[in-house]
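Inside the fold
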Amino acid sequence: MEIERKFLITSLPDNLELCRFHLIEQAYLCTEPVVRIRKEDDTYYLTYKSKGLLSREEYNLPLTAESYSHLLEKADGNIITKKRYLIPYENYTIELDIFEGIFKGLIIAEVEFNSEDEANSFSGPEWFGEDVTFSSKYHNSTLSKLQNISELKI
């Protein structure tokens, strides 16, 4: 079970360059239910996600580079690229996604939790913007179907 909250970010935190990061490329084979393929640095996998906003089922299966490339040709919509910074905050890790390509300018932070109660009681740092947890508009699977960032009306 994945339990996470999402926030729009309008200004970056200090010392971001000191944080670890991953380069991510992902595409969608299906958006209902979500079936995604992802390349994260040199690791590849296929992910299934059930419906949901704050909580949803998530399963990851490893892929080879060859199977990822084969499936990428079959993906629908946009290939999403982003740089994901891993930022320690209290007892959590903030995953700060800085999007590239047609979504350049979009920055979203995600924080995962062990329970919905924990998620609901969380207060992020001062640089967090609007909480968009309950808007599927900011799911990567939704972004994969848009033509450009202006369709988000940020």
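Check the entry above for the structure.
Here's a quick rundown of the structure. (Residues numbered from 1 in each chain as written. Predicted model: local features only at pLDDT ≥ 70, side-chain atom pairs only at ≥ 80, totals over all residues. Heavy atoms only, no water.)

1. What to know about the pattern of salt bridges
According to the stated counting rule, one finds 11 salt bridges in the structure shown. The closest approach of N and O atoms between Lys6 and Glu110, which form a salt bridge, is 3.3 Å. Linking Lys6 in strand 1 (residues 2-9) with Glu110 in strand 9 (residues 107-112), this pair joins segments that are 104 residues apart in sequence. In this structure Lys6 comes out as buried when scored by relative accessible area, which is 5%. (Salt bridge = Lys/Arg side-chain N within 4 Å of Asp/Glu carboxyl O. Helix = DSSP H or I, 4+ residues; strand = E, 2+ residues; numbered from the N terminus. Buried < 20%, exposed > 50% of the residue type's maximum accessible area, 1.4 Å probe, protein only.)

2. Some details on the packing of aromatic side chains
Throughout the structure, instances matching the rule amount to 11 aromatic pairs. Here Lys83 stacks its cationic end above the ring of Phe21, 4.1 Å away from the centre of that ring. (Phe/Tyr/Trp six-rings, centres within 6.5 Å; stacked < 30°, edge-to-face > 60°. Lys NZ or Arg CZ within 6 Å of the ring centre and 35° of its normal.)

3. Topic: the environment of Gly77
By the element assignment, Gly77 lies in strand 7 (residues 76-89). The spatial distance from the C-alpha of Gly77 to the C-alpha of Leu23 is 20 Å, given a sequence separation of 54 residues.

4. Topic: the nonpolar core
Within the largest apolar cluster, 20 residues are counted, with the highest numbers of intra-cluster contacts made by Ile9, Ile87, Ile94, Leu96, Phe122 and Phe128. Looking at this core, the elements with two or more residues in it are strand 1, strand 7, strand 8 (92-99) and strand 9. Discounting residues that sit within four places of it in the chain, Phe122 has contacts with Arg5, Phe7, Tyr89, Tyr92, Val111, Phe113 and Phe128. Counting 13 residues, the second largest nonpolar core, distinct from the first, contains Leu8, Ile108, Tyr138 and Leu143. (Core = buried A, V, L, I, M, F, W, Y, C linked by side-chain atoms within 4.5 Å. Contact = heavy atoms within 4.5 Å.)

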